[in-house]
Amino acid sequence: MGAPIIRYEAGQTPQAWTAASDSGDAKKFSVGFSPISSAAGFEPSIAPYGLLTGGAITTNATNNTVSVAALTASMAGATGASAAGVVSVAAGSATVTRPATNVAKVCSVTIDSTGAIAVVAGTDGASTTFSETRGAAGGPPFIPVGSVELGQVRLTTSAAAVVAAGEIFQVVGTHCETSGYPVYALDYGLGTVTFADVLPKIHTGSLPKKVYAKGYTPLFSAIPNTSDWVPAESTYSINSTDTYDGPVGSASSSLGQASFTAQLKDGITDAFVASKGKNLWFEFRPDRDKTIPKQLTQGILGIARSNPASGAPSASCTVTPSAATLDVAS
C-alpha cells in the first residue's frame, strides 16, 4: 500500500459545450465532467435553453400576424450561436394559423434550432375552450427539441383578422421559456445541475428543454511532505431553551474547514504557496498508488507559515469550503 498524498489544483483542462443529460426526472442533469473548477478566470458556464433578452410579441397591422422584437436566446450548440452559447435574432414577424372553424387553437411562436422565428400550430379544439395540456386538441403544441418558445397566440375565430393584444400570451414558465427559470444549483463535485422545479416537458416526445454546460476540470499536482489531513465536515450541536413545561431543544450544524500540514523548502518558492487565497480543489488519497478511494474538497487555501530557529519551515494550511468534503469510493 502506498503512502497517503495530498494534491492541489495547479491547472485546469477546458471542457467544451456539452449537452447535459437528464437523470429522468427533468430536474437533475449531469454535465458529463467533474469535478468542476471554480478558480478565478475558470468559472463554469451553465446554459439552459431559453430567452435571455427582448423577444416581446406584439400586435401587427397585418391579418394573422404578430410582431416579434429583437432578442437574444441561450441556445448553445444551435446554428449561429456565439462562443458564449447565445443566439441573436433580429426583429421580425410571425404568421399564425387560425382554426378551420370558430374553435380554440393555440400557435406557439418559437425560435428554431437555426435561430429563425418559427410558428408551431396546435390542433383545433372541439369548442372555444382552451386546453392547457400539451399536444391536446385546443391546447398548446409540443415544440421541436432544440427550439425555444417565446409565447403563444390563442385564437377562437376562423376569419382572417388582426391578432388582438388579448390573444397574445407570454407568461414565463407557462407560455414562454426563459433561460433563467427555474433557478438551479450546481454541484461542483458531482457535476450535476439541479433545478428548483421540474422543467416543463413541452418539447416533442414530452421532453424538457436542453441544458448545456462548459467549464474546466482541475489538473492536480502533489504537495510534497504533507501530513495531518482533516476533511471539511459538518458538526452538529443542540441548543435548548427552558420553558415552564421543560426544555425545548433545537439542532444546528456548522461546516468546518479542511486542514493539513506541509513541510516547506523555504516557504517562499514552494509551488503551492503561490496559490494561497485562491479557490481550488484539493485531493486526498489514502493510497497514492490508487486513484480511488479519495476525498475531494473545494475551497479557499489559507496558509500560516512558521520559521523555527532550527529545522525546516512549515505551514499550517486550511481549506475554507462552501460544501463538505466529497468521499469518492468508486
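Look up: the structure comes first, before these words.
Residues numbered from 1 in each chain as written. Predicted model: local features only at pLDDT ≥ 70, side-chain atom pairs only at ≥ 80, totals over all residues. Heavy atoms only, no water.

Any details on the overall build of the protein chain? Residues and values, ideally.
What the protein chain contains, in helices and strands, is 0 helices and 25 strands. The dimensions of the protein chain, computed from C-alpha atoms along their principal axes, are 95 × 65 × 35 Å. Each of the 330 residues in the protein chain was classed as buried or not, and the buried ones make up 42%. A separation threshold of at least 6 residues defines the contact pool for the protein chain, and within that pool the share at least 24 residues apart is 65%. Computing the positive centroid from 19 side-chain charges and the negative centroid from 22, the protein chain places the two 7 Å apart. (Helix = DSSP H or I, 4+ residues; strand = E, 2+ residues; numbered from the N terminus. Buried < 20%, exposed > 50% of the residue type's maximum accessible area, 1.4 Å probe, protein only. Contact = heavy atoms within 4.5 Å. Lys, Arg positive; Asp, Glu negative; His and termini not counted. Charge placed at Lys NZ, Arg CZ, Asp CG, Glu CD.)

Give me the pattern of salt bridges: which residues, what numbers.
Taken as a whole and assessed by the stated rule, the structure comprises 6 salt bridges. Salt-bridge contacts for Glu283 lead to Arg7; the nearest nitrogen and oxygen are separated by 2.7 Å. With a gap of 276 residues between them, Glu283 in strand 22 (residues 279–285) and Arg7 in strand 1 (residues 5–19) connect regions that are remote in the sequence. Taken individually, Glu283 and Arg7 each receive the classification buried, so the pair is uniform in this respect. Several salt bridges converge on common partners, so that one network encompasses Arg7, Glu283, Arg285 and Lys294. (Salt bridge = Lys/Arg side-chain N within 4 Å of Asp/Glu carboxyl O.)

I'd like a description of the pairing of strand 1, backed by residues and values.
Bridging between strand 1 and strand 22 involves 4 bridges; their strand directions are antiparallel. The residue of strand 22 that forms the bridge with Ile6 is Phe284. The pairing of strand 1 with strand 17 (residues 211–222) spans 10 bridges and is antiparallel. Counterpart to Thr18 in the pairing with strand 17 is Ala213. (Pairing = 2+ DSSP bridges.)

Explain the side chain of Ser38 residue by residue, including any values.
Among the structural elements, Ser38 can be located in the loop between strand 3 (28–30) and strand 4 (45–48). The class for Ser38 is buried, based on a relative accessible area of 12%. Side chain to side chain, Ser38 and Asn279 meet in a polar contact 3.0 Å long. Engagement of the side chain of Ser38 in a polar contact is seen with the side chain of Gln298, the distance being 2.9 Å. Apart from residues no more than four positions distant in its own chain, Ser38 is found in contact with Glu43, Tyr188, Asn279 and Gln298. (Polar contact = N/O pair within 3.5 Å; in protein donor to acceptor, adjacent residues only side chain to side chain.)

Mind laying out unusual backbone geometry, listing which residues take part and the relevant values?
Of note, the bond from Ser34 into Pro35 is cis; its omega dihedral lies within 30 degrees of zero at -10 degrees. Secondary-structure assignment places Pro35 in the loop between strand 3 and strand 4. We note that Asn64 has phi near 60 degrees; this positive angle belongs to a residue other than glycine. In this fold, Asn64 is placed in the loop between strand 6 (57–59) and strand 7 (65–68). Phi is positive for Ser206, close to 55 degrees, though the residue is something other than glycine.

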